[in-house]
Amino acid sequence: MKRSKNIGGFVIAVSVLFVLSLCVGSAPASAHTSVNVENIKIDVGWGIEPPVVGIRNDFVFKIVEVGETEGTYKGITSAFKNLDATAMYGGATKKIDINSDPRPGYYYSPVIPTKTGSIIMDIKGEINGINIDVQIPIEDVESTAILDFPQQNAQTSSSEVLALKNAIASLQKKVSSMSSESTSVSYDEGSYDLLIFSLSLGAAGVILAIVSMVKKLKHVDLVN
């Protein structure tokens, strides 16, 4: 019975791995998005994937029509003669200039992404008498962190900076309190000076830590 259970578990495990391999194997090779309008197929994406903030890239288009043989397509030349493409990001829009690739049906438009997130391509007009009015989402723009190697240390959060600032405030209060108490309480002068010096060093160390963290946060903001 025990051997039977082991065989059953092995069969299940192999089956799961087989299904997963099929899923992985069937994943698309690129993140381009395609839409069909009657007998025309429009494919939109990036020239370099994944797209990264601050790195020159291209919006790329592939516009083809159904060929005479089933399952075949042929590129459409001068597809943008009566067609406009507008890139949309949030509330921002930009009508883009289209360049023709040497290959029939292929087009591109240079761009430098400035923010992470989703861009939608709005395409309107007509091709060979067919009205085109589609909005096609393309792959999200990534931050430069996706290319970092080796990976940077975990980012310092604003809450940690606030905690350090509070620590400085606490040290300052203690020093002020001790200074006021020194007028009514007798301290050994050497011990008091040493304590004040130690507190001052501690405060200086915390300040330096905050300056370093703020610089890191500014760097992260510039990258993102």
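Coordinates for the structure precede this section.
Rules of the game
- Residues numbered from 1 in each chain as written.
- Predicted model: local features only at pLDDT ≥ 70, side-chain atom pairs only at ≥ 80, totals over all residues.
- Heavy atoms only, no water.
- Helix = DSSP H or I, 4+ residues; strand = E, 2+ residues; numbered from the N terminus.
- Buried < 20%, exposed > 50% of the residue type's maximum accessible area, 1.4 Å probe, protein only.
- Contact = heavy atoms within 4.5 Å.
- Areas by Shrake-Rupley, 256 points an atom, 1.4 Å probe, with all protein chains shown as cover.
- Pairing = 2+ DSSP bridges.

### Quick word on the overall build of the chain
Now for step 1: Helix and strand counts for the chain stand at 3 helices and 10 strands.
Now for step 2: Counting from the amino terminus, the chain carries its helices and strands in the arrangement α-β-β-β-β-β-β-β-β-β-β-α-α.
Now for step 3: Counting the 224 residues in the chain, one finds 25% classified as buried.
Now for step 4: Here the analysis covers contacts within the chain between residues at least 6 apart in sequence; of these, 60% occur between residues at least 24 apart.
Now for step 5: When the accessible surface of the chain is totalled, it reaches about 15,200 Å², and 58% of it is carbon and sulfur.

### Notes on the pairing of strand β8 (residues 106–111)
Now for step 1: Across 6 bridges, the pairing between strand β3 (residues 57–66) and β8 is antiparallel. Along β8, the bridge assignment pairs F61 with Y107.
Now for step 2: Two elements, strand β7 (residues 99–100) and β8, share 2 bridges in a ladder whose sense is antiparallel. Looking across to β8, one finds that S100 is bridged to Y107.
Now for step 3: Counting the residues in the hairpin turn of β7 and β8 gives 5 residues, including G105, whose phi is positive at 90°.

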